[in-house]
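What follows is the residue order along each chain.
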Amino acid sequence: MCGIIGYCGPKPMAEVLLEGLKRMEYRGYDSAGIAVRTNAELSVIKRAGKIATLREAVPPELYGDCGIGHTRWATHGGVSDSNAHPHLDDSGKVAIVHNGIIENYTVLREKLSSEGVEFSSETDSEVIAHLVARLYDGDLTVTVQNTVQLLKGTYGIAVTHLDQPGLLVGARNGSPLVLGVGEHEMFLASDVTAIVGHTKQVIYLEDGEIVTISADEYRTTDLHDRSIDKHIQIINWELEEIEKGEYRHFMEKEIFEQPDSILRAMQGRLDHEYATGHLGGLNMTKKELLDLERVKIIAAGTSYYAGLVASYLIESIARIPCTVELAAEVRYRNPIVERNSIYFAVSQSGETADTLYAMRELQRKGARVLGICNVVGASIPRESDGGVYIHSGPEIAVASTKAFTSQLTALYIFTLLIARMRHMSYEQGTEFIQALEQIPEQVAAVLGGAPKTAELARTYHKARNFLFLGRGINYPVALEGALKLKEISYIHAEGYSAAEVKHGPIALIGPETPSLFLVPDDTLREKVISNMKEVKARNGQVIAVCAEGDDEVAALADHVIRVPRVHELMYPFVMTIPLQLFAYYTALELGRDVDQPRNLAKSVTVE
Ligand code: M6R
């Protein structure tokens, strides 16, 4: 959501803060600001708009001994300079940045106002600056400990005080905060991408922890000033992984990385000798896996669609009932946790509030929740009872692409594992592994057809509405294709089961509403062809994504994208790629901000 950076050290302060914000801009990008402590004052510069706008306003000679910065995704209060962070107290001695939501801010604000405090923003966050100023007793760490005990809600914060040279205090509850330990320099950040160019040594704070940093030291405590020993972890990301390199956009880079990222997700996890999967991180005994009677998946957005694909697979080859639910709906409907069931919380970022809170609610009720995550050390993998890292490498574009296919890979391997404990034979397991191992190469082949998809985007980018239609295991892929197109091109797109069109959406069909059909050569092919004919009969434009050599489908469609013929259950991998490319090239045609589409943020850490 929002991104926080803090720095104590000798490097040019404004530059370190702005660079960190730039790297976290994908977390939120409607406004940004920095506060730098010099001997005379706290210099605060903030602007509505992107980091580039802020950069123009920051004098290059802005040096100081510590500083904080923030990139915002608005929740309380519109997008304006005054609502941008950092926020100051009345005296201008305290500056804070905040990620999260202070749920009791109205009460706190009224109380502070009645005591004469003047607010300069509409945000919930500003109360924190005023509380710190009022509680300050010369010890900023203790002051922050006392302040956060008054807050209800979620926060990752960084605080600086004019009277505390070279010192920052951070606190975490429900919003990530990481300490970066450098050589004579320390960092605070809500995301390691902000600091990976400076240090690979990090400490992840837990909820209820406070950290105080100066250039040479750090101390972590609980809310009662008791010291906590924390373990330094080493990040294994390289700087190139969070840079665009030769690509125009992160989304383009991430789409084209998929042959590698899918391979990484399966490496070391396929057991050829016994034709099964190997996922040590599940922390489950064979007996527990054998006793499984139900698999449930909770997730949001693209991760939800990955879960939906998996539910078809799990039921069809492992023969275990599997349900998928939007995480946001789980928490408040008093979910029933059944014996011999497991839950998967699927989340690229591992920080999505809807998924995290649903997971906690399920765990409170005794559920075993396993994470399928990309970001190592994020809240969901840390709090889950086990799980699988998908190892996609950093996904920076707001639109999720490579994480989706890697989530599928992890879920496919899990399915293989439990299927082999049930009805799946050794031969079938071997065939499944062989099919899965061919996916990276087949995805690379689909990517080779990107120029053709770019051409299609040129043909169709002026459409105002789009239908994405698929069936069976490819129905969720159609939903994902529609989400991709709408979120980055702003074209209204809906995904449906191709069979469902005749029950209502067919009213939309006409020359102005194109339909993209997914037509693999699977058992439902004939049915989908009939649905295509129904659309063609009503003058609908049809793009078909079909298997190589399927001339019947090609003859029916206005345009065709061919994908390699693959094992029937593997089509979701190869069918997804053209949809990602189509969304990407359409957004390019329309001149959209591909990596940072309007109103969105990469990880949604509020409910
Ligand atoms: O980090 P997560 O996988 O939990 O994120 C879930 C959704 O917010 C995310 O997939 C979102 O829908 C993306 N913008 C889709 O491209």
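Analysis parameters
- Residues numbered from 1 in each chain as written.
- Predicted model: local features only at pLDDT ≥ 70, side-chain atom pairs only at ≥ 80, totals over all residues.
- Heavy atoms only, no water.
- Helix = DSSP H or I, 4+ residues; strand = E, 2+ residues; numbered from the N terminus.
- Buried < 20%, exposed > 50% of the residue type's maximum accessible area, 1.4 Å probe, protein only.
- Pairing = 2+ DSSP bridges.
- Right-handed = clockwise from strand over helix to strand, strands pointing away.
- Axes fitted to C-alpha atoms, helices over the stretch in contact; angles between N-to-C directions.
- Contact = heavy atoms within 4.5 Å.
- Near = heavy atom within 4 Å.
- Polar contact = N/O pair within 3.5 Å; in protein donor to acceptor, adjacent residues only side chain to side chain.
- Areas by Shrake-Rupley, 256 points an atom, 1.4 Å probe, with all protein chains shown as cover.
- Nonpolar A, V, L, I, M, F, W, Y, C, P; charged D, E, K, R; others polar.
- Domains from an automatic or database assignment.
- Expected span 1.5 Å × (residues − 1).
- Salt bridge = Lys/Arg side-chain N within 4 Å of Asp/Glu carboxyl O.
- Parallel < 35°, antiparallel > 145°, perpendicular 65-115°, else oblique.
- Left-handed = near helix turned anticlockwise from the far one by under 90°.

S.K.: Explain unusual backbone geometry to me, using residue names and the numbers behind them.
M.R.: That bond from H85 to P86 is cis: its omega, 0 degrees, falls within 30 degrees of zero. In this fold, P86 is placed in the loop between β4 (66-72) and β5 (87-88). Its identity is not glycine, yet H184 carries a phi of approximately 55 degrees, on the positive side. Within the secondary structure, H184 is located in the loop between β9 (178-181) and β10 (186-189). The backbone of D225 shows a phi angle near 65 degrees, a positive value even though the residue is not glycine. For D225, the location among the structural elements is in the loop between β13 (218-221) and β14 (233-234).

S.K.: So what's going on with the pairing of strand β25 (residues 542-547)? Which residues, and what values?
M.R.: A large share of β25 lies buried, amounting to 6 of its 6 residues. Bridge count for strand β24 (residues 515-519) against β25 is 5 bridges, and the pairing is parallel. The residue bridging F517 from the neighbouring strand is A544, located in β25. Where the polypeptide runs from β24 across helix α18 (residues 525-536) and back to β25, its parallel neighbour, the crossover connection is right-handed. Here β25 pairs with strand β26 (residues 559-563) via 5 bridges, running parallel. Residue pairing in the sheet places I543 in a bridge with H559 of β26. The parallel pair β25 and β26, bridged by helix α19 (residues 551-556), forms a crossover whose chirality is right-handed.

S.K.: Quick one: what's the story with the sheet that holds strand β17 (residues 294-299), residue by residue and with numbers?
M.R.: Strand order in the open sheet formed by 5 strands is β18-β17-β19-β20-β21, with parallel pairing between adjacent strands. Each edge of the open sheet is held by one strand with a lone partner, namely β18 (322-326) and β21 (387-389). In this sheet, neighbouring strand axes are inclined to one another by 20 degrees on average, regardless of whether the strands run parallel or antiparallel. Across the sheet, helix α9 (residues 301-318) is in contact with β17, β18 and β19 (341-347); its angle to β18 comes to roughly 170 degrees. Most of the contacts of helix α11 (residues 353-364) go to β17, to which it runs at about 145 degrees, and overall it touches β17, β19 and β20 (369-373).

S.K.: Before we move on, could you go through the site of the ligand and cite the residues and values that matter?
M.R.: As a structural note, the neighbourhood of the ligand is formed by 14 residues, with S303, S347, S349, T352 and E487 the closest of them. A distance of 2.4 Å separates an oxygen atom of the ligand from a polar atom in the side chain of T352. Between K484 and the ligand, the recorded distance is 2.9 Å, taken from a side-chain N or O atom to an oxygen atom. If the ligand stood free it would expose 410 Å²; the protein chains cover 90% of that surface. Breaking the shell around the ligand down by element, the ones donating at least two residues are α9 and α17 (475-489). Here the shell around the ligand is composed, by residue class, of 4 nonpolar, 8 polar and 2 charged. Shared between two domains, the shell around the ligand takes at least three residues from each, and those domains are domain 2 (245-437) and domain 3 (443-594).

S.K.: Describe the pairing of strand β8 (residues 168-173), listing the residues and the values that go with them.
M.R.: Most of β8 sits inside the fold, with 5 of its 6 residues counted as buried. Relative to β8, strand β7 (residues 155-161) is paired through 5 bridges, and the arrangement is antiparallel. Within β8, the residue paired with A158 across the bridge is G170. The turn joining β7 and β8, which pair antiparallel and follow one another in sequence, is formed by 6 residues; a positive phi near 60 degrees is taken by G166. Looking at chain direction, β8 and strand β12 (residues 209-213) are connected through 5 bridges and run antiparallel. Following the sheet pairing, G170 is matched in β12 by V211.

S.K.: Outline the side chain of T154, listing residues and values.
M.R.: Within the element layout of this structure, T154 appears in the loop between α5 (140-148) and β7. In this view, T154 contacts H98, N99, G100, I101, I102, N173, G174, S175 and Y357; residues no more than four positions away in its chain are not counted.

S.K.: Can you break down helix α20 (residues 571-589) residue by residue, with the values?
M.R.: Residues lying three or four places apart along an α-helix face the same way, a consequence of the helix completing one turn every 3.6 residues. With 19 residues, α20 should reach 27 Å at 1.5 Å per residue; the first-to-last C-alpha distance of 28 Å fits that figure. In terms of burial, α20 is a largely internal element, 17 of the 19 residues being buried. Phi turns positive one or two residues past the end of α20, at G591, with a value near 70 degrees.

S.K.: For the environment of K93, give the residues involved together with the corresponding values.
M.R.: Mapped onto the fold, K93 is located in the loop between β5 and β6 (94-99). Under the relative-accessibility criterion, K93 is labelled partly exposed at 31%. The residues contacting K93, other than those within four sequence positions of it, are L42, T160, H161, L162 and D163.

S.K.: Pulling in residues and values, what's your account of the pattern of salt bridges?
M.R.: A full pass over the atoms with the stated rule returns 38 salt bridges. Salt-bridge contacts for E338 lead to K296; the nearest nitrogen and oxygen are separated by 2.8 Å. Taken together, the positions of E338 in the loop between α10 (327-330) and β19 and K296 in strand β17 put the pair 42 residues apart, joining distant regions of the chain. Taking the relative accessible area as the measure of exposure, E338 reaches 32% and is therefore partly exposed. With a relative accessible area of 13%, K296 lands in the buried category. Each of the salt bridges in this network shares a partner with another, and the network as a whole consists of R172, D207, R360 and E383.

S.K.: I'd love a proper account of the packing of helix α4 (residues 126-135) against α5, names of residues and values included.
M.R.: One can describe the packing of α4 onto α5 by two numbers: an axis separation of 9 Å at closest approach and a directional angle of 125 degrees. When the interaxial angle is binned, α4 and α5 end up oblique. Between α4 and α5 the crossing geometry is right-handed. Taken together, the residues of α5 that come into contact with α4 (itself represented by I128, L131, V132 and L135) are L140, T143, N146 and T147. Considered class by class, the residues forming the contact of α4 with α5 number 5 nonpolar, 3 polar and no charged.

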